[in-house]
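Analysis of the macromolecular model
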Amino acid sequence: MSAKRNQASGCDYYYLEQSRPIRFWRVVVDVLLVLVTLGLSGGLVMAYWSTGVSPERNWVFAFFGLGAPFLFLGNIVMLLVWVIRWRWWAVLPALTLLCGVGYLGRLVQFDFGKKYEPEAEDAKAIAARQRDPAQLAVLTYNVHGFTFGQREHGGYLRTVDSVAAYVRRLQPDVICLQEYETMRGGDVRRIDTLFREWPYRAYNFIYGGAGDVGYGTAVLSRFPILEAHRTIFEQSTNSLLRADVVLPGGDTVRLFNNHLQSTQVDEESQRRVERFGVRGEPGTRDFVRSVGSHLKANYRRRAVQVDTVSRMIAASPHPAIVVGDFNDTPVSYTYRKMRGGLEDAFVNAGSGYGYTYNRLFSMLRIDYVFHAPSFETTGYRSDRLPWSDHNPVFVRLRRVPQSE
């Protein structure tokens, strides 16, 4: 900064020359913005690569896949910043986002050119759907043991009643539940009464099981279940329940109800992340190390599980419907392997930003319905409800005639 004298107007006065400090701070800001842009673009490219690299071989990429929604948002922000400032650096986030258009479509869907049935059905529409043998409605829901936010058994019963009322309103043909739990014989009888419209049942209990009292996964069906196959994954409290369901008209579908390896990051840790308490609190380093260690171990376990399930799907003699809580995002190895050649119901008929986990800023879609190409998606909804940390996913399908 320097003082200069001006005599042009016939009188003397001094003014301060500030051009140099302004240029200096602009350079600092530009350098910081460039570094942020490089970091966000590089991170998003790593997220793209995560879909092709098994965490069992290299777990690093999986962390970038977990952060994909935030990395997409960051690159969009940086693109706007550089466009507003009219700098060529806008090219980098633009190209990065362009390379990931297919991945972005798994996170966000727009209504342009889409034609599908209304999300809500009245009683008349539901009755018409149930009379049509080509129609099939599937609901998947991680119910958190019916104990989310509850400490007393009375709260458990109220949650069961509320979930049952919601299900009866939608009238799915097949209900797939994860973290299904019954505490005592009276709970079983209550569920039998509330869900009497779905008389065909299959359970895969990880704990208990005597008298249908236990914890695990469940399939409740309006249509007969021919056979059920149960898998409890090694070194895990997670499971797969496979059921062959006979549809009206005699066709059989093979249903895969999955609850893949959980992250095992507890409620308090998630709340700490949500309030940005990772920095500035005691034990930050130990906290980050603990969370990272849990995620790393469970990414590897989940990779083994999804490889096992994907082989079962590929070997299915019947059209497959794959549902459940995958505990992983649409930009991940888990998603790519599990989906394979199947259709993602959200991509086909969803709208807006898709999320099913209502914690961690409501940014993560980890619950899915995939189906064979012999079905088409005609409806998709995922309501935020107070009875679990997951949203249910309800999908309407229609069997495609062979001539189509």
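In what follows, the accompanying structure is described. A quick note: this is a predicted structure, and the numbers were derived from the prediction, not measured. (Residues numbered from 1 in each chain as written. Predicted model: local features only at pLDDT ≥ 70, side-chain atom pairs only at ≥ 80, totals over all residues. Heavy atoms only, no water.)

Next up on the list: the environment of phenylalanine 64. Looking at where phenylalanine 64 falls in the secondary structure, it is placed in helix H2 (residues 60–66). Remark: the alpha-carbon pair of phenylalanine 64 and methionine 46, spanning 18 residues in sequence, is separated by 6.0 Å. Leave out the neighbours within four places in its chain, and phenylalanine 64 touches Gly43, Met46, Ala47 and Leu71. (Helix = DSSP H or I, 4+ residues; strand = E, 2+ residues; numbered from the N terminus. Contact = heavy atoms within 4.5 Å.)

What follows is about a nonpolar patch on the surface. A surface patch of nonpolar side chains, amounting to about 450 Å² of accessible area, comprises Val27, Val31, Leu32, Leu35 and Leu38. Here leucine 32 shows up in helix H1 (residues 19–50). (Patch = residues over 30% accessible without salt bridge, like charges linked within 9 Å, V, L, I, M, F, W, Y side chains within 5 Å. Areas by Shrake-Rupley, 256 points an atom, 1.4 Å probe, with all protein chains shown as cover. Salt bridge = Lys/Arg side-chain N within 4 Å of Asp/Glu carboxyl O.)

This part takes up helix H3 (residues 68–84). Compared with an ideal rise of 1.5 Å per residue, which puts 17 residues at 24 Å, H3 spans 24 Å between its outermost C-alpha atoms and is within 8% of the ideal. Considered for burial, the residues of H3 that qualify are Ala68, Pro69, Leu71, Phe72, Gly74, Asn75, Met78 and Trp82. Tryptophan 86, located one to two residues past H3, shows a positive phi value of around 55°. (Expected span 1.5 Å × (residues − 1). Buried < 20%, exposed > 50% of the residue type's maximum accessible area, 1.4 Å probe, protein only.)

Strand order in the open sheet formed by 6 strands is E6-E7-E5-E4-E16-E15, and the pairing between neighbours is mixed. The sheet terminates laterally at strand E6 (200–208) and strand E15 (375–381), the two strands that pair on one side only. Averaged over all adjacent pairs, the angle separating strand axes in this sheet is 15°, with direction ignored. Alignment of strand E4 (residues 135–142) against strand E16 (residues 393–399), held across 6 bridges, turns out to be antiparallel. (Pairing = 2+ DSSP bridges. Axes fitted to C-alpha atoms, helices over the stretch in contact; angles between N-to-C directions.)

Moving on, we come to the pairing of strand E8 (residues 225–232). By the bridge criterion, 7 bridges tie E8 to strand E9 (residues 239–246) in an arrangement that is antiparallel. Across the sheet, the residue bridging to isoleucine 225 is valine 245, located in E9. Counted between consecutive antiparallel strands, the loop separating E8 from E9 contains 6 residues, among which glutamine 235 sits at a positive phi close to 50°.

In this structure the tally under the stated criterion is 14 salt bridges. For the salt bridge of aspartate 30 with arginine 85, the shortest nitrogen-to-oxygen distance reads 2.6 Å. Of this pair, aspartate 30 sits in helix H1 while arginine 85 sits in the loop between H3 and helix H4 (91–99); the two residues are 55 residues apart in sequence, bridging distant segments of the chain. A residue is classified by how much of its surface remains accessible, and arginine 85, at 29% relative accessible area, is partly exposed. A salt bridge links arginine 254 to aspartate 244, with the nearest nitrogen and oxygen atoms 2.7 Å apart. Residue arginine 254 is found in strand E10 (residues 252–259), and its partner aspartate 244 is found in strand E9; the two are separated by 10 residues along the sequence. Under the relative-accessibility criterion, arginine 254 is labelled buried at 10%. Taking the relative accessible area as the measure of exposure, aspartate 244 reaches 5% and is therefore buried. Through salt bridges with shared partners, one network takes in Glu121, Arg129, Asp173, Arg222 and Arg396.

Here we take up the side chain of aspartate 367. Here aspartate 367 lies in strand E14 (residues 367–371). In this structure aspartate 367 is buried but unpaired, with arginine 365 as the nearest side chain of opposite charge at 8.9 Å. There is a polar contact of 2.6 Å between the side chain of aspartate 367 and the side chain of threonine 356. Engagement of the side chain of aspartate 367 in a polar contact is seen with the side chain of histidine 390, the distance being 2.9 Å. Excluding anything up to four places from it in sequence, aspartate 367 contacts Asn142, Gln178, Gly324, Asp325, Thr356, His390 and Val393. (Lys, Arg positive; Asp, Glu negative; His and termini not counted. Polar contact = N/O pair within 3.5 Å; in protein donor to acceptor, adjacent residues only side chain to side chain.)

What follows is about the sheet that holds E8. A sheet is described by the order of its strands in space; here 6 strands give the open sequence E8-E9-E10-E11-E14-E12, paired in mixed fashion. Of all strands in the sheet, those with a lone pairing partner are E8 and strand E12 (343–344), marking the two edges.

Our focus in this paragraph is the packing of aromatic side chains. This model, assessed by the stated rule, comprises 22 aromatic pairs. Look at tyrosine 180 and phenylalanine 205: their rings are 6.5 Å apart centre to centre, the planes differ by 45°, and that puts the pair in the tilted class. Separated by 25 residues along the polypeptide, tyrosine 180 in strand E5 (residues 174–181) and phenylalanine 205 in strand E6 bring together distant segments of the chain. Assigned by exposure class, tyrosine 180 and phenylalanine 205 land together as buried. Aromatic side chains tyrosine 335 and phenylalanine 370 sit 5.4 Å apart centroid to centroid with 85° between the ring planes, which places their arrangement in the edge-to-face category. A residue pair is termed long-range when its members are at least 10 positions apart, and tyrosine 335 in helix H11 (residues 333–339) and phenylalanine 370 in strand E14 qualify at 35 residues. No difference in accessibility class separates tyrosine 335 from phenylalanine 370, as the two residues are buried. Linked through ring pairs, Phe146, Tyr156, Tyr180, Tyr203 and Phe205 together constitute an aromatic cluster. (Phe/Tyr/Trp six-rings, centres within 6.5 Å; stacked < 30°, edge-to-face > 60°.)

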